[in-house]
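Here is how the chains run, residue by residue.
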Amino acid sequence: MADVKLHPVMLAGTGSDVGKSVIATALCRIFRQDGYSPAPFKAQNMALNSYATPDGLEIGRAQAVQAEAAGIPCHTDMNPLLLKPSSDHTSQVVLNGKPMGNIGAYDYFRKDEGREVLRSEVHAAFDRLSSRYNPIVMEGAGSISELNLRDTDLVNMPMARYAGARVILVADIDRGGVFASAYGSVALQTPEDKKLIKGIIVNKFRGDLRLFEEGRRILEDICQVPVLGVVPYFKDIHIEEEDSMELAGKQHSAVSGRVNVAVILLRHISNFTDFGMLERDPRVNLYYTNNVEEIGKADIIILPGTKSTIDDLYEIRRNGVAEAVLRAHKSGTTVLGICGGYQMMGLSVDDPQGVEGSVRRIPGLGLLPVDTVMEGSKVTRQVSFRFRDSDGCTGYEIHMGRTQTAKDARCSALNTFTDGTADGCLADERTMGTYIHGILDNPQVIDSLLAPFAGKRDTVATGYFEFKQQQYDLLADHVRQHLNMPLLYKIMSQDD
């Protein structure tokens, strides 16, 4: 069966955060288990969480996760257009893995020649990908019924038309209004696009599935397409999230009996997937916070990555978080900065070219004897490195800015790359910073970070890669159990 060429399938949504990315991840794993060679594709993604490909380019983190579930290296063709919000109105545009500059929302969504250039780029990326993999698991963005954006849309139904994709509508029953959202999403399509919608998945169901049998029949009757499955809500399967909306449920408090790790909740927080392994370590209670009292209770404080170092540094000074971090550090708390958080921990951040905005210089927290200068070029690469005395560590860099040790300052490198160059700064055993995302995916790094608190718990960390593989299998089992896969294969096999 796996040698059969399947039509692409697109997971389109009745709205944002309905679970398209997770269902796409599950299908990538299922198709791989069934002997196919799937690959994910999202023409345009808007997210602060990004990832470096093996060839040193940048894509959305969700597509990197989906590629991992499919068992293949991630590539920019899987997400040729990435928008990284810089403010409420502007985003950095990353095309084929390379930043093209910042642009306002109005200018980006205008129908003009530049828009058609972007369309041709995402089409070309899809063509390259579909020539190498079978099937392509496509993902839409937000709602497929944004009528005011229909003419400029690059990622939803116009992309499905170009790809010849079979569109499966994903509706979130947990938020309510599933009948109206599903029916409206279908009814508002043009006759041409309506024909592309081949089924519906009702996602995030809570309770006894038998109670929705009548609802299933009603949906099929009013939408005139089959319901492929009703997928129950789950809490015990851990897949890396794409956006910071998921952090709302992780803003709890310090507890006794475990190492309390507080991740500072920045306004422009990015790459919070850095903390997935640490969050699931049985020795650790990890929580996101900008509450000064909860910061003071932490054993370890982490300043995470950010899309806007200067703006977030200004904000944590304004709201008292910076003072709370300094006060906790003075009392003996360990402070670790990653990427933008590392830049914040230094003496100063300079932006002479206005890369991040109009503020040209801001003092840092002064925890590390380093200075940062923002630069227009972006570093994106996967790295192998030695962490202090531990070889065999891996991670990736995505940052704008160059950080150097201040003149006559004493600071050891935290990491050494395989080419002998250095990364980061280790001022002392409880004050350190690094540019490397994913550094905490390495058990030896976590063990070193937690070593001073060994008396709190005596369990040990497990490998994060193996953990993630187990979670992909659990997700595939969960979705396969509740999805009519024979019908989906039939839909993807048949020509119109």
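Check the entry above for the structure.
The rules behind the values
- Sequence order as written defines residue numbering, which begins from 1 separately in each chain.
- For this predicted model, a pLDDT threshold of at least 70 governs which residues receive local features, and a threshold of 80 or more governs which side-chain atom pairs are given and counted, while totals over whole chains, interfaces and linings are taken from all residues.
- Think of the side-chain values as coming from all heavy atoms in the structure, minus any hydrogens and water.
- Going along the chain from the N terminus, every DSSP run of H or I of four or more residues is numbered as a helix, and every run of E of two or more is numbered as a strand.
- Throughout, the radius of gyration refers to the C-alpha atoms, and the reference size of a globule is 2.2 Å times the residue count to the power 0.38.
- When a residue's accessible area, from a 1.4 Å probe over protein chains only, is under 20% of the maximum for its type it is buried; when over 50% it is exposed; and in between it is partly exposed.
- A pair of strands counts as paired when DSSP detects no fewer than two bridges linking them.
- Each axis is a line fitted through C-alpha atoms, and for a helix only the stretch in contact is used; angles between axes span 0 to 180 degrees, taken between their N-to-C directions.
- Roughly parallel means an angle under 35 degrees; roughly antiparallel means over 145; roughly perpendicular covers 65 to 115; every other angle is labelled oblique.
- Whether two residues are in contact is decided by their heavy atoms, any of which lying within 4.5 Å being enough.
- Amino acid classes used here: Ala, Val, Leu, Ile, Met, Phe, Trp, Tyr, Cys and Pro are nonpolar; Asp, Glu, Lys and Arg are charged; the rest, including Gly, are polar.
- Only rings of Phe, Tyr and Trp enter the pairing, Trp through its six-membered ring, and a pair is recorded when the two centres are within 6.5 Å. The plane angle decides the type: under 30 degrees is stacked, over 60 is edge-to-face, the rest tilted.
- Should the NZ of a Lys or the CZ of an Arg lie within 6 Å of a ring centre and within 35 degrees of the ring normal, that charge is described as sitting over the ring.
- Relevant arc is that of directions from the helix axis to the C-beta atoms, nothing else.
- N or O atoms closer than or at 3.5 Å make up a polar contact, with two conditions inside protein: a donor-capable atom paired with an acceptor-capable one, and, for residues adjacent in sequence, both atoms drawn from side chains.
- Only protein atoms enter the 1 Å grid used here. Points where a 1.4 Å probe fits but cannot escape make up a cavity, open sets with protein on both sides within 12 Å along at least five of seven lines make up a pocket, and a residue lines them when an atom lies within 4 Å of a point.
- Grid points are joined across faces, edges and corners, and a volume is the space filled by probe spheres set on the points.

Asks: Help me out: how do you make sense of the overall build of the protein in this one?
Replies: For the protein, the count of helices and strands is 16 helices and 26 strands. For a compact globule of 496 residues, the expected C-alpha radius of gyration is about 23 Å, and the protein comes in at 23 Å, within 12% of that figure. Counting only C-alpha atoms and orienting by the principal axes, one finds that the protein spans roughly 70 × 55 × 40 Å. Taken across its 496 residues, the protein has 56% of its residues classed as buried.

Asks: Explain the pairing of strand β10 (residues 166-172) here, please?
Replies: On any regular strand, side chains alternate: one points to one face of the sheet, the next to the other face. Buried residues dominate β10, accounting for seven of its seven residues. Judged by which residues are buried, β10 turns out to be covered on both faces: R166, I168, V170 and D172 on one side and V167, L169 and A171 on the other are all buried. Across five bridges, the pairing between strand β1 (residues 9-13) and β10 is parallel. Considered in β10, the bridge of V9 is made with R166. Sheet analysis places β10 next to strand β11 (residues 197-205), joined by six bridges and oriented parallel. By the bridge assignment for β11, L169 is matched with I200.

Asks: Please clarify how the packing of helix α1 (residues 20-33) against helix α16 (residues 485-493) should be interpreted in this entry.
Replies: A pair of packed helices can be characterised by two numbers: the angle between their axes and the separation between those axes. Where α1 meets α16, the axes come as close as 13 Å, and the angle between the chain directions of the two elements is 85°. As far as their axial angle goes, α16 and α1 are roughly perpendicular. Here L27, I30 and F31 of α1 come into contact with α16, specifically with M485, L488, Y489 and M492. Residue composition of the contact of α1 with α16, by class: seven nonpolar, no polar and no charged.

Asks: Mind showing me how you'd approach the sheet that holds strand β6 (residues 81-85) here?
Replies: The strands that make up a sheet pair up through hydrogen bonds in the backbone, lying either parallel or antiparallel. Pairing in this open sheet of four strands is mixed, and the strands run β3-β6-β7-β8 from one edge to the other. Single-partner strands in this sheet number two, and they are β3 (44-46) and β8 (98-104). When strand polarity is set aside, the average angle formed by the axes of neighbouring strands in this sheet is 25°. As paired strands, strand β7 (residues 90-95) and β8 are joined by six bridges and run antiparallel to one another. Paired with T90 across the bridge in β8 is G104.

Asks: Before we go on, may I ask you to explain the sheet that holds strand β9 (residues 136-139) in this structure?
Replies: Reading across from one edge, β2-β9-β1-β10-β11-β12 is the order of the six strands in this open sheet, with parallel pairing throughout. The open sheet terminates on both sides in strands that have one partner only, identified here as β2 (39-41) and β12 (227-232). Strand-to-strand twist in this sheet, taken as the mean axis angle between neighbours without regard to direction, amounts to 25°.

Asks: Whenever I open this one, the packing of aromatic side chains confuses me. Can you help?
Replies: The geometry of an aromatic ring pair is captured by the separation of the ring centres together with the interplanar angle, meaning the angle of the planes. What the rule picks out here adds up to ten aromatic pairs. When the centroid spacing of 5.8 Å and the interplanar angle of 55° are considered together, the rings of F205 and F212 count as tilted. F212 matches F205 in its accessibility class, with the two residues each being buried. Ring centres 5.1 Å apart and planes at 80° place the aromatic pair Y342 and Y435 in the edge-to-face group. A residue pair is termed long-range when its members are at least 10 positions apart, and Y342 in helix α13 (residues 340-344) and Y435 in the loop between β26 (431-434) and α14 (443-450) qualify at 93 residues. Overall, the relative accessible area of 3% leaves Y342 in the buried class. Three or more aromatic residues joined by ring pairs form one cluster here, namely F31, Y36 and Y489. It is R206 that lies over the ring of Y233; its NZ or CZ is 3.8 Å from the centre. One cation-aromatic arrangement involves R381 over F417; the distance from NZ or CZ to the ring centre is 4.6 Å.

Asks: When you look at the environment of T14 in this model, what are you seeing that I'm missing?
Replies: Considering the arrangement of structural elements, one finds T14 in the loop between β1 and α1. Look at T14 and you get buried, because its relative accessible area is 17%. Each C-alpha atom of the pair T14 and T152 lies 19 Å from the other, and the pair is 138 residues apart in sequence.

Asks: Looking at this structure, how should I read α16?
Replies: Because each turn of an α-helix spans 3.6 residues, side chains separated by three or four positions end up pointing in the same direction. Among the residues making up α16, those that are buried are M485, L488, Y489, I491 and M492. Mapping the buried residues of α16 onto a view down its axis gives an arc of 160°, with all of them on the same face. Buried positions along α16 lie against β1, α1, β10, β11, β12 and α15 (464-482). If you check the start of α16, you find a side-chain oxygen 3.0 Å away from the backbone N of L487, and it comes from N484.

Asks: Can you help me understand unusual backbone geometry in this one?
Replies: Leaving glycine aside, a negative phi is the common case for residues, and trans is the common case for peptide bonds. Look at the link from N134 to P135: it is a cis peptide, with omega at 0°. As for its position among the elements, P135 is in the loop between α4 (113-130) and β9. Here the phi dihedral of R388 falls at roughly 50°; this positive angle occurs in a residue that is not glycine. Secondary-structure assignment places R388 in the loop between β21 (370-387) and β22 (390-405). Classification of R388 by relative accessible area gives partly exposed; the value is 28%. Notably, D408 is not glycine yet its phi reads approximately 65°, a positive angle. Relative to the helices and strands, D408 resides in the loop between β22 and β23 (415-417).

Asks: Looking at this structure, how should I read the side chain of Q63?
Replies: Checked against the element boundaries, Q63 lands in helix α2 (residues 61-70). Of the polar contacts made by the side chain of Q63, one reaches the side chain of N45; its length is 2.8 Å. If we ignore the near neighbours within four places in the chain, the residues touching Q63 are P40, K42, N45, M78, N79 and E139.

Asks: Looking at this structure, how should I read empty space enclosed by the protein?
Replies: Where empty space is left in the structure can be found by rolling a water-sized probe over the atoms. Here the structure, examined in full by the defined rule, presents one cavity of 30 Å³ or more. Computed from the structure, the largest cavity encloses a volume of approximately 90 Å³. Forming the boundary of the largest cavity are 15 residues, of which E240, E241, G276, R280 and Y464 lie nearest the centre. Those elements that place two or more of their residues in the lining of the largest cavity are α9 (276-279) and α15. The element best represented in the lining of the largest cavity is α15, accounting for three residues.

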